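Okay, here's what each chain looks like letter by letter:
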Amino acid sequence: ALLFITVYTADGFLNYVEDHCVFNSTKLDDIEYIRSYYYNKLEVTRFSSSVGKYVGYTEFGVRNAEAWNNLPGELSRMRNEKERYCLINVGNDHEAAL
């Protein structure tokens with residue numbers, strides 16, 4: 001799996017975003033793009049290309065998911081990340097592994 005993490009800290013609290021691609025082959029249909037938002041090591045919100053929208057796992061995460069799911073163009077932009085972010089990188093990783 002391909003993994004990219006962005007970390008933010010403020011006043012001792014840790015926020016980070018993790019983007020990763022889960023794949024069985026280099027075919028677009030076999031790839032899942034996931035972006036997870038964490039606060040103090042707890043996943044609060046996730047976008048999954050398999051689900052096609054944001055899902056919240058905490059009260060704060062549910063509010064974020066509802067807001068982001070209703071932003072014009074946001075879900076379309078995130079759904080396109082599977083092709084833009086994963087497809088190229090998965091292909092590169094697959095070639096390097098061979």
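Here is what the cut-offs are and how they apply
- Residues numbered from 1 in each chain as written.
- Predicted model: local features only at pLDDT ≥ 70, side-chain atom pairs only at ≥ 80, totals over all residues.
- Heavy atoms only, no water.
- Helix = DSSP H or I, 4+ residues; strand = E, 2+ residues; numbered from the N terminus.
- Contact = heavy atoms within 4.5 Å.
- Disulfide = S-S within 2.5 Å.
- Buried < 20%, exposed > 50% of the residue type's maximum accessible area, 1.4 Å probe, protein only.

Within an unreviewed UniProt entry, the label attached to the protein reads MHC class II antigen, and the organism entered is Scophthalmus maximus.

1. What to know about the overall build of the protein
Of the regular secondary structure elements, the protein holds two helices and five strands. Each helix and strand of the protein, placed in order from N terminus to C terminus, yields the pattern β-β-β-β-β-α-α. When contacts within the protein are restricted to residue pairs at least 6 apart in sequence, long-range pairs at least 24 apart make up 29% of them.

2. Overview of the state of the cysteines
Here the structure, examined in full by the defined rule, presents one disulfide. At a sulfur-sulfur separation of 2.1 Å, the disulfide partner of cysteine 21 is cysteine 86. Across the disulfide from cysteine 21 to cysteine 86, rotation about the S-S bond amounts to roughly -85°, and the bridge is consequently left-handed. Pair noted here: cysteine 21 is in strand β2 (residues 13-23) and cysteine 86 is in helix α2 (residues 74-97), with a separation of 65 residues, a long-range link. Here cysteine 21 matches cysteine 86 in class, with each residue buried.

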